[in-house]
Amino acid sequence: MKIIEGAIQSPVKTTVGVLFLLLFGFIGLFLIPVQLTPTVEEPTVTVQTIWPGASPGEIEREIVDEQEEQLKSLDGLVKMESSSSDSVGNIVLTFQVGSDSDANMLKVANRLEQVPRYPADAEKPIIRLVDPNEAAMAWYILRPWGDEPYEGDVAELLDMVENEIKPQLERVPGVAASGSFGGQEREMQVIVDPVELAARQVTLNQLAAALDLENRNFSGGDFAEGKRRYVVRTIGEYTSIEDIEDVVIAIRGGVPIYVKNVAEVKRGLRKARAEVYNQGTKVLAVNMVREPGANSLWVMEGVKETVEALNQGLLADMGLRLVHSFDETTYIESSISLVRQSLVIGGVLAIVVLLLFLRSRASTLVVAVAIPISLVGTFLVMWLLGRTLNVISLAGLAFAVGMVVDNSIVVLENIYRHRQMGKRRFVAAYEGAQEVWGAVLASTLTTIAVFLPVIFVQEEAGQLFRDIALAISAAVALSLIVAITVIPSMSARILDAAGSEASDEVDGERKSFANLWGFADRAAGVNDWVVGRVGWILDTMPRRLAVVIGFTLGAVGLSLLLSPKAEYLPQGNTNFVFGFLIPPPGYNLEEVNAYKEVFETELAELWETPPEEAEDLPGGGVSDFWFVGLTDAVFMGGSANDDMRAAELIPRINEVTAKLPGVFGFASQWSIFSRGLGEGRNIDVELYGPDLERLIAMGGEVMGGVGQHLPGAQAIPVPTTRSKRRSRCTRSDPLVGH
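What counts, and where the lines are drawn
Along each chain, the written sequence defines residue order, and numbers are assigned to residues from 1. In keeping with the predicted nature of the model, local features appear solely for residues at pLDDT of at least 70, side-chain atom pairs appear and are counted solely at 80 or more, and the whole-chain, interface and lining totals rest on all residues. No hydrogens and no water enter the side-chain calculation; it runs on all heavy atoms of the structure. Two rings belonging to Phe, Tyr or Trp (six-membered ring only in the last case) form a pair when the distance between their centres is within 6.5 Å. Interplanar angles under 30 degrees mark stacking, angles over 60 mark edge-to-face geometry, and anything in between is tilted. A run of H or I in DSSP becomes a helix once it reaches four residues, and a run of E becomes a strand once it reaches two; helices and strands are each numbered from the N terminus. Think of it in three bands: residues with accessible area under 20% of the maximum for their type are buried, residues over 50% are exposed, and the middle band is partly exposed, with areas taken using a 1.4 Å probe on protein chains only. Note on geometry: a ring has a charge over it if NZ (lysine) or CZ (arginine) is within 6 Å of the ring centre and within 35 degrees of the ring normal. It only takes one pair of heavy atoms within 4.5 Å for two residues to be counted as in contact. Of the grid points, spaced at 1 Å and generated over the protein atoms alone, those admitting a 1.4 Å probe that cannot get out make up cavities, while open sets with protein on both sides within 12 Å along at least five of seven lines make up pockets; any residue with an atom within 4 Å of a point is treated as lining. Grid points are joined across faces, edges and corners, and a volume is the space filled by probe spheres set on the points. One side-chain nitrogen of Lys or Arg within 4 Å of one carboxyl oxygen of Asp or Glu is enough to make a salt bridge. Residues qualify for a patch when their relative accessible area is over 30% and they have no salt bridge, like charges being joined within 9 Å and the nonpolar side chains of Val, Leu, Ile, Met, Phe, Trp and Tyr within 5 Å. In this description, accessible areas are obtained by the Shrake-Rupley approach with a 1.4 Å probe, and a residue is regarded as covered only by the protein chains that are shown.

Caption draft 1: Spatial organisation of the packing of aromatic side chains. Taken as a whole and assessed by the stated rule, the structure comprises 10 aromatic pairs. Here the aromatic rings of F580 and F666 are separated by 6.0 Å at their centres, their planes lie at 55°, and the arrangement is tilted. One end of the pair, F580, is in strand β16 (residues 577–582); the other, F666, is in strand β19 (residues 664–669), with 86 residues separating them in the sequence. Note on accessibility: F580 and F666 belong to one class, buried. A centroid spacing of 6.4 Å and a plane angle of 45° characterise the contact between F599 and F627, whose relative ring orientation is tilted. With a gap of 28 residues between them, F599 in helix α21 (residues 589–608) and F627 in strand β17 (residues 622–630) connect regions that are remote in the sequence. In this structure F627 comes out as buried when scored by relative accessible area, which is 2%. Aromatic rings pair up to connect F578, F580, F635 and F666 into one cluster. The ring of Y258 has K260 lying over it, and the distance from NZ or CZ to the ring centre is 5.4 Å. Stacked on the ring of Y277, the Lys or Arg K596 has its end atom at 4.4 Å from the ring centre.

Below, the structure is given as structure tokens:
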């Protein structure tokens, strides 16, 4: 075969080829994006419409229904989910995997233009391509800090966060968006005196219409004056409180009625819709969402540099600081370090096993070179194919460590056999590789055929496990090239003849490494015993059948007996626990935030106890705890002092939740494969029907059944203060009721 012959006769070319592969492989290793898990793409478009002051029912009836009527017939639409809450309506549209996101967004925008009408004070729909379930890569807490900490209400600093902090964070390469939570927007407030309104016979509608009409700029056209042309504009937008106070609402008896006659105008803060607390202190939370395909480690490094610059400059002067709360790179680094360690240990063990069985340093060296060449070359393949380095792809490389030496061992063993026949090194290398290359090729293609089909699966499972299939397939394919080029070339130059490393004397040979200091003789006895038993079995047909049937039944029985519990994806032991509570319908924000006092009272010892004294507490104590109160839900989360004991915090949080009357809630450890709240190890039960009261009753039955049939499961209902619907646009659309 020309390839084998060329590799043996031109060792320089072979060496240069290997060096180029290693060089570009290392370049690919440094350029390939690094993230925790593979990117799972699900083409999603979100539509958000805000109607201030509207109830969920009004949002659904006046806005969401009209939008759904236009959107339900979009090409390629797989699922449409809508939710209506106070003042906000959301529609999430999921399209077929592989469809163009920009085209989907354009189609949605065109259909929304066909909505007949919107309420007068409703805002224009906002269309986004950001997946609403996409989890933020990092969270920071803005809180008072330093010798002269900020003494005001941090929630009032939202404008500063929006104008100063978020733009700098979003300028970091790889950051798609930054969000802030817990702040209050500034607004101009007109506080009406109803007595004065009634005395002057002015209605609220007249007041609102006057304020809206006057707050505009109008074009007055243009005119020529001498050699110049002038553009005329009427300036009416408000620039001060006095401008608003001087607005004329109406004229009664020839006397103008101004806003200042019936109302007080002042600057204020919009009513809070969420409040964030960090271990009892009111704070602002800021997060960052990574762009798909960006290197998480590089992005987080840029974020940390930006945060440090803000802390040393703008925020230090204000007595504030952005404190790190969570970022996924902590788990990326630990996971990659663990897999890298396993990969190195696996490679070393493979070499040790080769050394013990081949009992030749030269032979072991020849085979061992296949491991680094194949693995480093795999990085180049994955980089060229646009893949990422994550725990799945690294697991594939760890699996491949033991597989990449198989081809090399087969080729080397046959070359060694030819050397034992007395042939010269070059002849033995060529003829030995020539004889088995077809079998090696067939073995490699068989292995690739097992993993390659996964690459063409477009659904979530295919996207998750595509990296492991590519890693193993590329490594095994490269090992084939190494086996028929590098192995013969090295064997032709350094492979010793049979017995050359051993002593010529029998006693000396028994004490040499080539004979494992006599252990090989005892192993040979075991080999002879096994060969004898095999011969005895093969003597008669009944014995052969009995062995085949016995081993088959034994294998099946042991598989069923020892089979572990089935799981789609592992949970992972991350140091992050989050809780979710649903308060009774109709609770205001102040009442919801009262739960904070309960949790702080019950859990305060976890973070107030010094770490060195908190060993006996759940999780070894808590290093961080935050509480987010909304009008219809509560989020909370925390990290343990001991990274490996975060799960111990779950029962403690559930105990406190059980003490809150009328509250549904759960606590769970964050999974490395979770894309957001509610994603992961959960089962969705959807109830459809026209009768809301009956659906609520059925939901209660479902929750009761879950508690009976699934011990330990935590059932959470959709809030009854929110209208939420799902429509699956498929060929078969049965109503689901479980």
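Caption draft 2: Seen up close, helix α13 (residues 361–368). Burial analysis of α13 places 6 of its 8 residues in the buried class, which makes it a mostly covered element. Those residues of α13 not exposed but buried are A362, S363, T364, V366, V367 and A368. Here the buried face of α13 lies against α12 (329–358), α14 (370–384), α15 (391–420) and α17 (460–494).

Caption draft 3: Region of interest: empty space enclosed by the protein. This structure, assessed with the given rule, holds 1 cavity of 30 Å³ or more. Taken as a whole, the largest cavity encloses approximately 60 Å³ of empty space. If you go around the largest cavity, the residues you meet are V577, L603, L606, W607, V622, F625, G637, G638, L649 and I653. Elements with a contribution of two residues or more to the lining of the largest cavity: α21, β17, β18 (634–640) and α22 (649–658). Element by element, the count of residues in the lining of the largest cavity is highest for α21, at 3 residues.

Caption draft 4: Layout of the pattern of salt bridges. Applying the stated criterion to the full structure yields 22 salt bridges. A salt bridge links R270 to E185, with the nearest nitrogen and oxygen atoms 3.4 Å apart. Of the two residues, R270 sits in the loop between β12 (263–269) and β13 (274–278) while E185 sits in the loop between β6 (175–181) and β7 (186–192), which places them 85 residues apart along the sequence.

Caption draft 5: Quick peek at a nonpolar patch on the surface. Taken together, the side chains of V12, V16, F20, L23, F24, I27, L31, W298, W383 and L384 define a hydrophobic patch exposed on the protein surface, amounting to about 960 Å² of accessible area. Every element with two or more residues in the nonpolar patch is listed here: α2 (11–31) and α14. The greatest single-element share of the nonpolar patch, amounting to 7 residues, is contributed by α2. Its place among the elements puts V12 in helix α2.

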